[in-house]
Amino acid sequence: MTTTLRPAGPEEALPGGGRSRRWLVCANGRPVGTVQTSSTRFGSHQVGRIDALEITDGRRRGRGTVAALAAEEVLRGWDCARAEVTVPVEATAAHALALALGYTETSRKLAKPLGQPPITAAGLTTRPIDAAEFPDWLAAIGVEYRSQLVRTGLTEHQAAERSAVDDARLLPQQHATARVALRRLLAHGEPVGSVWVAFDGGRLPDGSPLGWVMNVEVAEHRRGHGFGRELMLTAERECLAAGVHHLGLNVYTDNTVAIRLYESLGYRTTRRVLSKSL
């Protein structure tokens, strides 16, 4: 029995030079499922994604494996250097399939519902990051972001390209970008860290908005003193003030210290992100 992909509709052009297409998974010409492929361009390289793979007829016959491999061939044809998949935490079979195909977990997405605004600890205050300090702040957090990307398998050049594209896309008006809070944390007047939170980080199944912590950074010489926790509480306060009652974030799998912090604050893993080189 031969399993192949057949276009389920026209290819869609995505902003920035990406592309997307939905496919029928067919066994001997008969539709037995669907899968979506997409790509995002970061300068000179593209990263592909395999989404919404579903076998509706004849599960446990290897059709999901063949469909995923066929989707990878589509992404190679689109000149993608890497493939990524995002797996809901409860989808254990999909997670096992990704691992069997050579994908490695690079990050996790966590989320929590927000309750009452937390109280700011004594001696700590926050203020907006202004136009004068924005360039240096962005450059500083970019160093760590690029380092994390390299640890997930990107080259230095690819990481730099991805960082630049993300900065332009997520902060188009720099410090004055709408629906974004950039905050500096001060301990008795001394800057000790910063947080970047977006109020339009996505939508929940019921349509309500999801805030998203884009970056949390504590000055290296002030780590281990609870400032990371206070920055997360700052993000929660900012979301609640903006009328957003759920907050999510992405954390790299190797950052076990951060994972423990987020879990202690009530965040729970909702999805796992895995990737592989093509």
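Right, let's walk through the structure included here. This is a predicted model, so every value here is computed, not measured. Per chain, residues are indexed from 1 in the order of the written sequence. Only residues with pLDDT of at least 70 get local features here, since the model is predicted, and only at 80 or more are side-chain atom pairs given and counted; chain-wide, interface and lining totals rely on the full set of residues. For side-chain calculations, the full set of non-hydrogen atoms in the structure is used, while hydrogens and water are omitted.

**Quick look at the environment of Leu 99**
Then step 1. In this text, helices come from DSSP runs of H or I with a minimum length of four residues, and strands from runs of E with a minimum of two, each type numbered from the N-terminal end. Along the chain, Leu 99 falls in helix H2 (residues 92-100).
Then step 2. Only protein chains enter the area calculation, which uses a 1.4 Å probe; residues under 20% of their type maximum are buried, those over 50% are exposed, and those in between are partly exposed. Residue classification places Leu 99 among the partly exposed residues on the basis of a relative accessible area of 45%.
Then step 3. In the structure, Leu 99 is positioned 89 residues away from His 188 in sequence and 48 Å away in space, judged by C-alpha atoms.

**So, the side chain of Glu 72**
Then step 1. Looking at the secondary structure, you find Glu 72 in helix H1 (residues 63-77).
Then step 2. Given a relative accessible area of 2%, Glu 72 falls into the buried group.
Then step 3. In this structure the side chain of Glu 72 is engaged in a polar contact, spanning 2.8 Å, whose partner is the side chain of Tyr 103.
Then step 4. For Glu 72, the contacting residues outside a window of four places in its chain are Ile 50, Tyr 103, Lys 276 and Leu 278. As used in this structure description, the phrase polar contact means that two N or O atoms lie within 3.5 Å; if the pair is within protein, one of them must be able to donate a hydrogen and the other to accept it, and residues adjacent in sequence are counted only when both atoms belong to side chains. Pairs of residues are marked as contacts when any of their non-hydrogen atoms sit within 4.5 Å.

**Thoughts on the packing of aromatic side chains**
Then step 1. By convention, a stacked pair of Phe, Tyr or Trp rings (six-membered ring in the case of Trp) has centres within 6.5 Å and planes under 30 degrees apart, an edge-to-face pair has planes over 60 apart, and any other such pair is tilted. The final tally for this structure, using the stated rule, is three aromatic pairs.
Then step 2. Each ring, one from Trp 137 and one from Trp 196, has its centre 5.9 Å from the other, and the planes form 65°; the classification is edge-to-face. Here Trp 137, found in helix H3 (residues 134-151), pairs with Trp 196, found in strand S10 (residues 190-198); they are 59 residues apart in sequence, far enough to count as distant. Across the pair, exposure class does not vary: Trp 137 and Trp 196 are buried alike.
Then step 3. Residues Tyr 262 and Tyr 267 carry aromatic rings whose centres are separated by 6.4 Å and whose planes lie at 70° to one another, so their mutual orientation is edge-to-face.

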